[in-house]
Amino acid sequence: MNAPEIVTLQIGHYSNFVGSHWWNCQESSFIYDPKVAAQTPKEVNHDVLYREGQTLKGEVTYTPRLILFDLNNSLGTMKREGVLYDIAGEEDVRWQGDVTLHQTSAAEKNPYLLDLEKEDGNYDDDEDDMSTSKMEEGHEEIISSHNDDDKSEKSQQDPSRVLGCGSRPYYQLDDKVDVWSDYLRMSLHSKSVHIIKEHQHNNPDQPFDVFGLGEQVLSSRDSLDAMEDRVRFFTEECDKLQGFHILLDTHNAFGGFASPILSYLADEYPNKTRFSFSLTPACPPDQTPRERSCRIINSALGLQACTRYNSLHLPLSMASTLWRSIGPPVTFPYLHYQASLDYHTSAILATALDTFTMPYRKVENPFKICDIASAFACYGRKVTALNASVPLPISHHTSFADYLLTLESRDPWTSLTPHVKCVNSPTFQSCVVRGLPTNHMTSFHQSSNLSNQLAACSSVDDVLRLYLTETYPGSMNAGCVMRDAVQLDTSFPHIFKPSIGQDGLVSSVERSPFSGVESVPMMTSLQSGTDIHSYVDTLCESAKRMTITKHQHFMEAGLDPDDYAETLQDLRDLSECYSAS
């Protein structure tokens, strides 16, 4: 049975951080053992987001249906064409005109990548302390798989990698991750990686931080053709293309780079659902008035583009507020993460992304992404909010029903959409619960009418349906229960408190040192309602305070004052859509 396919675009460095964790979570849930697969009913249809292909040698591959965009010098030890395809190297290009050679030392692989490289058969014992090959700038190597058994003496001695107390190694990569490819597990198709050569990653002299700079990159016909060629490659091989996931940075120039891409998708695929996610780090650089103004103006222009061209849009960040100042990071009772590390914050967002998309990725009775978009985007409300419980705090001795009863009037989740508190009942809500053991169905304590009703439930699905109906009676609720928890790769950061066991459940016994959490139960709620007014309205008010003619860097990059005035008006109109029920 062919799955309705979705093509994913990741536009921006932080979006690639989130995407890398997301693909790792998905790959960790793959069942490679035929005997285990035969005994375990398939729950997630990975063909929705993945494609089967062949290398030039005829070997079968299974890679994400993905196109990612980033700047020069952002790939670390990864090379653009991956290890699956024998593509001509940079040295085969016949350059014309004056050429300046920039020679840099090869990036060094961390222990996680070295172990992955071993299983792939590309490991060289003589090159533990350096990259496995000398590479041109932007032409590095990707690793696709992991080896738990074959360990080098050096990697065992490295403090960032120990044997661990469980069945898998324990990596401490907090100070080893510089870019998203430092922990990406999956191999990518040669058409997946698109590097913007005109700009350098983390260049303090010429920062890629103005919306118009991004637009200029795709102003030439050659650049547009290269982008369109990649999109067509993945869409034309689909039998039942249902739409696109678009992860993008809107706080910097990538919002401007994404704008013509979004316009192209809207023109070429008007009947396909385009679901975008704007992803903002919890601690972006914000030391000067210029940086603050860039974040606000870019976000305003980016939101206008996303709501103009896309079917549905979801802002996500681990920062509680984003405009006049970066607010305190979002807190979860069983997490201890560093908001300053993109490696940490992107991991949390990736688990939420993996969970709330389950309704249209599951095998049995899946939703269609177009049905979700049409329901949530009614009344002109194209912006949604996401809430999550990471992890869902269930113990071995507490039922799901009992946990819900302990909440009383509190929500079981925390908002991952800045400025949105989710105080009011949503108009529409899609709730997902995953990873609860089968014995977590019955309420053990009966002290109210609701507890009696919950006690009569025979499944987690019944408990969830009853809870949503009783707690949000005025909302259109949809519930989805998945058997399996979020599977975490060994590269996932160690952000869970010791009271969370390896199985992700709350335990009275602290988890052993050097023992990572392997999976976590979760609960998410995608919502549309009046609370989202706060996100749009605060951005509109902050952007309105910016006299655009005083921000020469935007004017020089091509922003017209009349166009900015139109942006503000569009945001005001969007805000009014949420001002009343």
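These notes cover the structure that comes with them. Note that the structure is predicted; figures quoted are calculated from it, not measured.

## Here's the deal with the sheet that holds strand 7 (residues 193–200)
One open sheet holds the 6 strands; their spatial order is 7-4-1-8-9-10, and the pairing between them is parallel. Edge positions in the open sheet fall to strand 7 and strand 10 (312–317), since each of these has one partner strand only. Averaged over neighbouring strand pairs, the angle between their axes works out to 15° when direction is ignored. One ladder, built from 4 bridges, connects strand 1 (residues 6–11) with strand 4 (residues 66–72); its direction is parallel.

## Overview of the packing of helix 7 (residues 254–268) against helix 8 (residues 289–309)
Running from N to C, helix 7 and helix 8 point in directions that differ by 5°, and their axes come no closer than 9 Å. Taken as axis vectors, helix 7 and helix 8 run roughly parallel relative to one another. The segment helix 7 lies against helix 8, with Ser259, Leu262, Ser263 and Ala266 engaging Ala305, Cys306 and Tyr309. By residue class, the composition of the contact of helix 7 with helix 8 is 5 nonpolar, 2 polar and no charged.

## Topic: the packing of aromatic side chains
On inspection of all chains with the given rule, the structure shows 23 aromatic pairs. Ring centres 5.2 Å apart and planes at 70° place the aromatic pair Phe30 and Tyr50 in the edge-to-face group. With Phe30 in the loop between helix 1 (13–28) and helix 2 (34–39) and Tyr50 in strand 2 (residues 50–54), this pair connects stretches of sequence that are 20 residues apart. An identical accessibility class is assigned to Phe30 and Tyr50; each is buried.

## What about unusual backbone geometry?
With an omega of -15°, the peptide bond running from Val390 to Pro391 counts as cis. Its location among the elements puts Pro391 in the loop between strand 11 (385–389) and helix 11 (400–407). For Glu408, which is not glycine, the phi torsion reads 55° and is therefore positive.

## Quick notes on empty space enclosed by the protein
All chains considered together, the criterion is met by 5 cavities of 30 Å³ or more. What the second largest cavity holds in volume is close to 60 Å³. Along the walls of the second largest cavity sit Ala385, Val420, Cys422, Asn424, Ser425, Pro426, Gln527, Ser528, Gly529, Thr530, Asp531 and Ile532, which together make up its complete lining. Partitioning the lining of the second largest cavity into residue classes produces 5 nonpolar, 6 polar and 1 charged.

## Some details on the nonpolar core
Counting 104 residues, the largest nonpolar core has Phe275, Met318, Leu416, Phe496 and Tyr564 as the members making the most contacts within it. Tallying contributions element by element places helix 9 (residues 342–356) first for this core, with 8 residues. Beyond its immediate chain neighbours, meaning those up to four positions away, Phe275 contacts Phe244, His245, Ile246, Leu312, His313, Leu314, Phe356, Tyr360, Ile369 and Leu526. In terms of nonpolar packing, the next biggest core, distinct from the first, is built from 32 residues, Leu71, Phe208, Val217 and Ala253 among them.

## Thoughts on the packing of helix 11 against helix 13 (residues 460–471)
Each pair of packed helices can be summarised by the angle the axes make with each other and by the distance between the axes. Running from N to C, helix 11 and helix 13 point in directions that differ by 20°, and their axes come no closer than 10 Å. By the angle between their directions, the pair helix 11 and helix 13 is classed as roughly parallel. In this structure, helix 11 crosses over helix 13, and the sense of that crossing is right-handed. Contacts between helix 11 and helix 13 involve Phe400, Ala401, Leu404 and Leu407 from the first element and Val460, Val463, Leu464 and Tyr467 from the second. Classifying every residue of the contact of helix 11 with helix 13 by side-chain character gives 8 nonpolar, no polar and no charged.

## Side note on the pattern of salt bridges
Where charged atoms from two side chains of opposite charge approach closely, those side chains can pair. Inspection of every chain in the model, using the stated rule, returns 18 salt bridges. For Asp354, the salt bridge identified is with Arg361, shortest N-O distance 3.2 Å. Each member of the pair Asp354 and Arg361 is classed as buried. One salt bridge in this structure joins Asp461 and Arg465, with 2.6 Å as the shortest N-O distance. Separated by 4 residues within a single helix, Asp461 and Arg465 lie in helix 13, roughly one turn from each other. What makes Arg465 partly exposed here is its relative accessible area of 46%. A single salt-bridge network, built from bridges that share partners, covers Arg221, Asp225, Glu228 and Arg232.

Calculation notes
- Residues numbered from 1 in each chain as written.
- Predicted model: local features only at pLDDT ≥ 70, side-chain atom pairs only at ≥ 80, totals over all residues.
- Heavy atoms only, no water.
- Pairing = 2+ DSSP bridges.
- Helix = DSSP H or I, 4+ residues; strand = E, 2+ residues; numbered from the N terminus.
- Axes fitted to C-alpha atoms, helices over the stretch in contact; angles between N-to-C directions.
- Parallel < 35°, antiparallel > 145°, perpendicular 65-115°, else oblique.
- Contact = heavy atoms within 4.5 Å.
- Nonpolar A, V, L, I, M, F, W, Y, C, P; charged D, E, K, R; others polar.
- Phe/Tyr/Trp six-rings, centres within 6.5 Å; stacked < 30°, edge-to-face > 60°.
- Buried < 20%, exposed > 50% of the residue type's maximum accessible area, 1.4 Å probe, protein only.
- 1 Å grid on protein atoms, 1.4 Å probe; cavity = no way out; pocket = protein on both sides within 12 Å on 5 of 7 lines; lining within 4 Å.
- Points joined across faces, edges and corners; volume = space filled by probe spheres on them.
- Core = buried A, V, L, I, M, F, W, Y, C linked by side-chain atoms within 4.5 Å.
- Left-handed = near helix turned anticlockwise from the far one by under 90°.
- Salt bridge = Lys/Arg side-chain N within 4 Å of Asp/Glu carboxyl O.

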